[in-house]
Amino acid sequence: MTQPKRVVAFVAAFIIALANVAAVAQQTLDRTKVPPSGPTPVLRVPAWTKTQLANGATLIVSERHSLPLVSFSITFVGGANQFEPAERRGVASLTTSMLNEGTKTRTGDQLSDALQLLGTNVNAGVDAEDGSIGFLSTTKNFDAVLAILSDMMLNSVFPADALERLRARTLVNLTQAKDQPVIVGAQVFAKVLYGNAHPYGQRSTETSVKTITRDDVVNFQKAYFQPGRAIITVVGDVTPGKVKATVEKALAAWSKGGEKPSFDYPKLPELQPAKIYLVDKPGAAQSVVNIGLPGPPRNTPDYFALQVLNTILGGQFQSRLNANIREQKGYSYGVNSAFNYGKGPGAFRAGGSIFTDKTDAALIEFMKELKGIVGDKPITDEEIKTAKDSLIQGLPQRFASVNAISGAITSVVVQGLPDDYYQTYAQNVSAVTKEDLARVAKRYIDLGHLAIVIIGDRAKVEETLKATGIAPIAMLDIEGNPATP
Amino acid sequence: MRRKTLPVFAAILVGCLCQLAAAQIKIPYETYKLPNGLTVILSVDKTTPTVAVNIWYHVGSKNETPGRTGFAHLFEHVMFTGSGHVPYGLHDQLTEGVGGGNNGSTTNDRTNYYETIPSNYLESALWLESDRMGFLLDTLNLDKLNAQRDVVKNERRQSYDNQPYGRVSEIFAAAMYPKGHPYSWPVIGSMTDLSAASEEDVKAFFRLYYAPNNATLAVIGDFDPAQAKEWIQKYFSDLPKGQNVGRPTVALGKLDASKRLVYEDRVQVPRLYIQWPTVGTRQDIGLGITSLILSGSRTARLTKALVYDLQLASQVSAFQNSAEDVGVFQIVVIPRPEHTLTEVEAAVDQVLQKFIAEGPTADELQRAKSGLELNFLRRLESNLGKADQLLSGAVFFGNPGQYSVDYEKLLAVTAADVKRMAGRYLSGPRIVLSVVPKGKRDQASKAAESETVTMLLRRGRGGRS
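Residues numbered from 1 in each chain as written. Chains lettered and ligands numbered in written order. Predicted model: local features only at pLDDT ≥ 70, side-chain atom pairs only at ≥ 80, totals over all residues. Heavy atoms only, no water.

1. Some details on the overall build of chain A
Here is step 1 of the chain: Of the regular secondary structure elements, chain A holds 18 helices and twelve strands.
Here is step 2 of the chain: Seen along its three principal axes, the alpha-carbon backbone of chain A occupies a region of about 90 × 65 × 50 Å.
Here is step 3 of the chain: Out of the 485 residues belonging to chain A, those deemed buried represent 54%.
Here is step 4 of the chain: Contacts spanning at least 24 positions in sequence make up 81% of the contacts within chain A whose residues lie at least 6 apart.
Here is step 5 of the chain: As displayed, chain A offers around 20900 Å² of accessible surface, 55% of which is attributable to carbon and sulfur atoms.
Here is step 6 of the chain: In chain A, 50 positive and 45 negative side-chain charges are present, and the distance between their average locations comes to 5 Å. (Helix = DSSP H or I, 4+ residues; strand = E, 2+ residues; numbered from the N terminus. Buried < 20%, exposed > 50% of the residue type's maximum accessible area, 1.4 Å probe, protein only. Contact = heavy atoms within 4.5 Å. Areas by Shrake-Rupley, 256 points an atom, 1.4 Å probe, with all protein chains shown as cover. Lys, Arg positive; Asp, Glu negative; His and termini not counted. Charge placed at Lys NZ, Arg CZ, Asp CG, Glu CD.)

Right, here's the structure in full:
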């Protein structure tokens, strides 16, 4: 008889205790008060060492021992824009794909099996202005994977039949890209801004891919993978002294040669008065919109001001463009803007995918926000503070993984930025003034010369776009050439 | 982008691979439950001065009712429109505005919300999450719902309707499961159903599924656990416990006979898809390894045969997609222009028959297991990656450390296991779907024996609206 009572008593006490906790919590907790932030954590920029290998390559090593992982990459200064002839666009990509196809001592199958057993892959690729070959591995497999990378980079044999197989795959990919409105939008936008003569307007096409020969591939490999323009970055569970010896040994056969290329680009085509370029995509559920013009290179002294400006305009979820066009108007799943910096005049671009029926209404809002940032709707102190806080306090995220650290350090070297770039980053962002923002907005968002490229259903959007009176309309095909009616 | 539907297969695929490999490296964590039923997981990692707060609610599109498909995901969007003490916009201000980020995602089985923040903003992140768990309905109105309805419809247009091959997952869901089955509709839902969702639907859904007893909170990164516990107590302990959420048994997908379908899409290159009903996360061990032996590497069986030896295809992929209750195994082939989908299907079958008959070699099995460790380790580099490991174990298995149980099981998988699983699941009735350019129905594999899919979708949609 007593036992149940005790249980009841215990349960009751427990409930009372809980109720007390809840009551205390309710009494003291004012949920309307935003909890204060703690003291800002000290910025810990990963340290790195920079030395030279005997063959002239730069070696950067940064230690992080929290996990048994190593990120290894060789980055080459200069990319497809510097090393691909205009009529051989696509040779860089075919060459890097062919590094998997066999070496003097290993077949393609053997390379693949060996890497799979080591749990990783060697990835190679050439972008517009740089290229790289590298991998992520466990510490214990690092030496073995590096030996395979070295073999692939230096001893590939480029079998002719493999080239044909990869060419066929590339052609299928190019065909599939024509069905992707976002890809078509980016390609036509580049062509409108830069034309055929500027490397920024060029890309691989069916014609160029069909023209490339095995000799082109072999020559590209020889010309491109040279230590004189190489930055080797090793980040992770390694020590600088030991890893240097390992790398020297693995790349012993890689002899001196090559230098950093020039990044002189031809003059840009003359800026045209603002115009809408419409590419017909019958039945499209959305219009893909790209608005912009050529912008400044990465080494512009206006870089930090532009970063703050773009954070306010279209770099974040609550930036002006997305807050208006997605959140308030509901015309899109998301819109944004960016300055695409490079060694040359990379594009400023604003855009997104817009519900077909709202294409005109969204374009009106885009133009309103662009005019706004240039002066119609002055930037507020609060916007500036949020943008700066966001940029400065987001810095640690760039060092969140061994691959991220490798990218952060390598980009400093490739872009020729000072070694203390990250240590002085906060200071540089903080120094941007309201006047700077007004000046760079006017200078780089040139409203009179915007190219507005829209991939959408002409039957549904042409008349309404015309009615906005924003700019005259020109019809283009998916290659960016004037459309034949 | 933010607030998107997590593609189910990607989530599960990654989930599977990373659960495989935790032999030497364990994730240190502690877990406890508040009296209101909220499960808490804490894991400290001081490598980077950042923290991730991630909450999983055990509710997804499978908890919807026909006629209201897409609701769980629409609701996810509503969760970002402000709550009782948090005006709209402040959530972003206290995350991306201070150098962090926030997002959410919805699958068939669960919905998650997270903040990634500099470590000194942990308290405000917990306050934000607790406020929408406790006080979402205080400020909800029809205008907010309608605005997000438009955004979600745009998400559907962007990710499905305006996307080449974007309707495939929807076609398979409708064809694989009987009408009314919880996995028979896509997470994104139908346009008609999205239009039909009412304010009252939102409120009822919130009251049932967004109670602390249906949620698991993970805090991962650079923080002091004693301090975090105090804040969690402060902000979450007074939120009332909700009703118990039932977990009805969901039948596995089962086909009585194979189906052959053709879908005409705005594409230039046809594709062949083959899908079998299999099993979900609890029983799928061995099927992930099967997919790695069939595709992914150059010497994987389907890749080797179709891409290299026969040169019928430009790309091949195979994967097991495991949800909580059901699973499917899918093969996708992109043919080379001079070859037909019919040839491709025959070649796939030849490879499969041989594989099912003989099972994998010891080398194949070893190679397939070799990548698991690195995959696991790289997920541990991110706070969110760790959170997802611990949370999926906690939510679907009641054990945050499930990843390590699964790893042991995977290491123990034998060639005979793979042979048995492949034989059991990849030799029965299946769905063969040919996606072909508009007006090119004849490009389908065995076109004459195949049913056109527009019919099937129209039937499905009519039935639910």
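2. Some details on the overall build of chain B
Here is step 1 of the chain: The helix and strand inventory of chain B stands at 18 helices and 13 strands.
Here is step 2 of the chain: Taking 465 residues into account, the globule formula puts the C-alpha radius of gyration at 23 Å, and chain B, at 23 Å, falls close to it.
Here is step 3 of the chain: The dimensions of chain B, computed from C-alpha atoms along their principal axes, are 65 × 50 × 40 Å.
Here is step 4 of the chain: Buried positions account for 63% of the 465 residues belonging to chain B.
Here is step 5 of the chain: For chain B, the accessible area works out to roughly 16100 Å², and carbon and sulfur atoms hold 53% of it.
Here is step 6 of the chain: Taken together, the 52 basic and 48 acidic charged side chains of chain B have centroids lying 5 Å from each other. (Rg over C-alpha atoms; globule rule 2.2 N^0.38 Å.)

3. So, the confidence of the model for chain B
Here is step 1 of the chain: In the predicted model, chain B carries a mean pLDDT of 91, and the fraction of residues at 70 or more is 92%.
Here is step 2 of the chain: Overall, residues 1-23 of chain B carries pLDDT values under 50, and its contacts beyond four positions in sequence, including any with other chains, amount to 78 contacts. (pLDDT = per-residue confidence, 0-100.)

4. Digging into the interface of chain B and chain A
Here is step 1 of the chain: Contact residues are listed per partner, giving 84 residues for chain B and 77 residues for chain A.
Here is step 2 of the chain: Taking both sides of the interface into account, the surface hidden between chain B and chain A amounts to around 7000 Å²; carbon and sulfur atoms contribute 53%.
Here is step 3 of the chain: For the interface between chain B and chain A, the tally reads six salt bridges.
Here is step 4 of the chain: Applying the counting rule to chain B against chain A returns 38 residue pairs in polar contact (both at pLDDT 80 or more).
Here is step 5 of the chain: Ranked by residues supplied to the side of chain B that touches chain A, first place goes to helix α5 (residues 142-161) of chain B with nine residues.
Here is step 6 of the chain: A breakdown of the residues in the side of chain B that touches chain A according to their chemical character gives 31 nonpolar, 30 polar and 23 charged. (Buried area = accessible area lost by both parts, 1.4 Å probe. Salt bridge = Lys/Arg side-chain N within 4 Å of Asp/Glu carboxyl O. Polar contact = N/O pair within 3.5 Å; in protein donor to acceptor, adjacent residues only side chain to side chain. Nonpolar A, V, L, I, M, F, W, Y, C, P; charged D, E, K, R; others polar.)

5. Quick notes on the nonpolar core
Here is step 1 of the chain: With 102 residues, the main nonpolar core has Leu309 and Phe366 of chain A as its most contacted residues.
Here is step 2 of the chain: Residues in contact with leucine 309 of chain A, not counting those within four places in the same chain, are Ile373, Ile379, Leu437, Val440, Ala441 and Ile445 of chain A.
Here is step 3 of the chain: Formed by 55 residues, the second largest nonpolar core is a distinct cluster that contains Val51, Val59, Leu126 and Ala215 of chain B. (Core = buried A, V, L, I, M, F, W, Y, C linked by side-chain atoms within 4.5 Å.)

6. Remarks on helix α15 (residues 402-414) of chain A
All names here are of chain A.
Here is step 1 of the chain: Taking 1.5 Å of rise per residue, 13 residues should cover 18 Å, and α15 covers 18 Å from first to last C-alpha, within 8% of that figure.
Here is step 2 of the chain: Those residues of α15 lying buried are Val402, Ile405, Ser406, Ala408, Ile409, Thr410, Val412, Val413 and Val414.
Here is step 3 of the chain: Buried residues along α15 sit against β2 (58-63), β3 (69-77), β5 (130-138) and β6 (230-236).
Here is step 4 of the chain: Backbone geometry just downstream of α15 places glycine 416 in the positive-phi region, at approximately 70°. (Expected span 1.5 Å × (residues − 1).)

7. Brief notes about the sheet that holds strand β12 (residues 431-437) of chain B
Either a parallel or an antiparallel arrangement is found when strands of a sheet pair, and the pairing is made through backbone hydrogen bonds.
Residues and elements named next belong to chain B.
Here is step 1 of the chain: Reading across from one edge, β10-β11-β9-β12-β8-β13 is the order of the six strands in this open sheet, with mixed pairing throughout. A strand with exactly one partner marks an edge of an open sheet, and here the two such strands are β10 (313-322) and β13 (451-452).
Here is step 2 of the chain: By the bridge criterion, nine bridges tie β10 to strand β11 (residues 327-335) in an arrangement that is antiparallel. Directly across from serine 322, in β11, lies its bridge partner glycine 327.
Here is step 3 of the chain: Packed on one face of the sheet, helix α10 (residues 287-294) meets β10 and β11 and runs near 175° to β10. (Pairing = 2+ DSSP bridges. Axes fitted to C-alpha atoms, helices over the stretch in contact; angles between N-to-C directions.)

8. Section: the pattern of salt bridges
Here is step 1 of the chain: Applying the stated criterion across every chain, the model contains 50 salt bridges over all chains.
Here is step 2 of the chain: Shared partners join several salt bridges into a network, and the residues in it are Glu101, Asp109 and Arg165 of chain A together with Arg298, Lys304 and Asp309 of chain B.

9. Concerning helix α18 (residues 458-468) of chain A
Residue and element names in this part refer to chain A.
Here is step 1 of the chain: Those residues of α18 that sit buried are Val461, Glu462 and Leu465. Buried residues along α18 cover an arc of 110° about the axis, so they all sit on one side. The outward face of α18, more than 90 degrees from its buried face, is lined by the exposed residues Ala459, Lys460, Glu463 and Ala467.
Here is step 2 of the chain: Buried residues along α18 sit against β7 (275-280), β8 (286-294), α13 (359-376), β11 (451-456) and β12 (473-476).
Here is step 3 of the chain: In the stretch just after α18, glycine 469 is the one whose phi turns positive, near 70°. (Arc of directions from axis to C-beta.)

10. What about the pairing of β7 of chain A?
Residues and elements named next belong to chain A.
Here is step 1 of the chain: Inspection of the sheet shows β7 paired to β11 by six bridges, in the parallel sense. For isoleucine 276, the partnering residue across the bridge sits in β11 and is isoleucine 452.
Here is step 2 of the chain: Relative to β12, β7 is paired through four bridges, and the arrangement is parallel. Each bridged residue has a counterpart across the sheet, and for valine 279 the counterpart in β12 is leucine 476.

11. Some details on the sheet that holds strand β1 (residues 49-52) of chain A
Residue and element names in this part refer to chain A.
Here is step 1 of the chain: Taken in spatial order, the six strands make up an open sheet running β1-β2-β6-β3-β5-β4, and their pairing is mixed. Pairing within the sheet leaves two strands with one partner each, and these edge strands are β1 and β4 (123-126). Geometrically, the sheet is characterised by an average inter-axis angle of 15° between neighbouring strands, direction not taken into account.
Here is step 2 of the chain: Two elements, β3 and β6, share seven bridges in a ladder whose sense is antiparallel. Looking at β6, one finds that phenylalanine 76 is bridged to alanine 230.

12. A closer look at the confidence of the model for chain A
Here is step 1 of the chain: Averaged over all residues, the pLDDT of chain A is 94; the fraction at 70 or higher stands at 94%.
Here is step 2 of the chain: Low confidence marks residues 1-26 of chain A, where pLDDT is under 50. Its contacts with residues over four positions away, or in another chain, come to four contacts.

13. Points about the environment of phenylalanine 397 of chain B
Residues and elements named next belong to chain B.
Here is step 1 of the chain: By the element assignment, phenylalanine 397 lies in helix α15 (residues 383-397).
Here is step 2 of the chain: We classify phenylalanine 397 as partly exposed; its relative accessible area is 26%.
Here is step 3 of the chain: Taking the C-alpha atoms as reference points, phenylalanine 397 and glycine 189, 208 residues apart in sequence, are found 27 Å from one another.
Here is step 4 of the chain: Apart from the residues within four sequence positions on either side, phenylalanine 397 is in contact with Thr281, Arg282, Ser392 and Gln402.

14. Quick look at the packing of helix α3 (residues 91-98) of chain A against helix α9 (residues 214-224) of chain A
Residue and element names in this part refer to chain A.
Here is step 1 of the chain: Put simply, α3 and α9 touch, their axes get as near as 9 Å, and they point 80° apart. If you check the angle between α3 and α9, you find them roughly perpendicular. Between α3, through Val91, Ala92, Thr95 and Met98, and α9, the contact on the second element is made entirely by Asp216, Val217, Phe220 and Gln221. (Parallel < 35°, antiparallel > 145°, perpendicular 65-115°, else oblique.)

15. Focus on the packing of aromatic side chains
Here is step 1 of the chain: Applying the stated criterion across every chain yields a total of 36 aromatic pairs over all chains.
Here is step 2 of the chain: Geometrically, the ring pair formed by phenylalanine 76 of chain A and tyrosine 224 of chain A is tilted, given 5.3 Å between the ring centres and 45° between the ring planes. Taken together, the residues span a long stretch of sequence, with phenylalanine 76 of chain A in strand β3 and tyrosine 224 of chain A in helix α9 at a distance of 148 residues.
Here is step 3 of the chain: Residues phenylalanine 71 of chain B and phenylalanine 205 of chain B carry aromatic rings whose centres are separated by 5.0 Å and whose planes lie at 70° to one another, so their mutual orientation is edge-to-face. Taken together, the residues span a long stretch of sequence, with phenylalanine 71 of chain B in helix α2 (residues 71-78) and phenylalanine 205 of chain B in helix α8 (residues 199-209) at a distance of 134 residues. No difference in accessibility class separates phenylalanine 71 of chain B from phenylalanine 205 of chain B, as the two residues are buried.
Here is step 4 of the chain: Linked through ring pairs, Tyr303, Phe304, Phe339, Tyr341, Phe348, Phe399, Tyr421, Tyr422 and Tyr425 of chain A together constitute an aromatic cluster.
Here is step 5 of the chain: It is lysine 343 of chain A that lies over the ring of phenylalanine 263 of chain A; its NZ or CZ is 5.0 Å from the centre. (Phe/Tyr/Trp six-rings, centres within 6.5 Å; stacked < 30°, edge-to-face > 60°. Lys NZ or Arg CZ within 6 Å of the ring centre and 35° of its normal.)

16. What to know about the pairing of β2 of chain A
Residue and element names in this part refer to chain A.
Here is step 1 of the chain: By the criterion of burial, β2 is predominantly enclosed, with five of the six residues buried.
Here is step 2 of the chain: Bridge count between β1 and β2: four bridges; the pairing is antiparallel. The residue of β2 that forms the bridge with threonine 49 is valine 61.
Here is step 3 of the chain: The antiparallel hairpin formed by β1 and β2 contains five residues in its connecting segment, where glycine 56 sits at a positive phi of about 100°.

17. Section: unusual backbone geometry
All names here are of chain B.
Here is step 1 of the chain: With a phi angle near 65°, tyrosine 165 is a residue other than glycine that sits in the positive phi range.
Here is step 2 of the chain: Here tyrosine 165 is to be found in the loop between α5 and α6 (168-176).
Here is step 3 of the chain: Taking the relative accessible area as the measure of exposure, tyrosine 165 reaches 8% and is therefore buried.
Here is step 4 of the chain: Positive phi is not limited to glycine here, since glutamine 311 has a value of about 55°.

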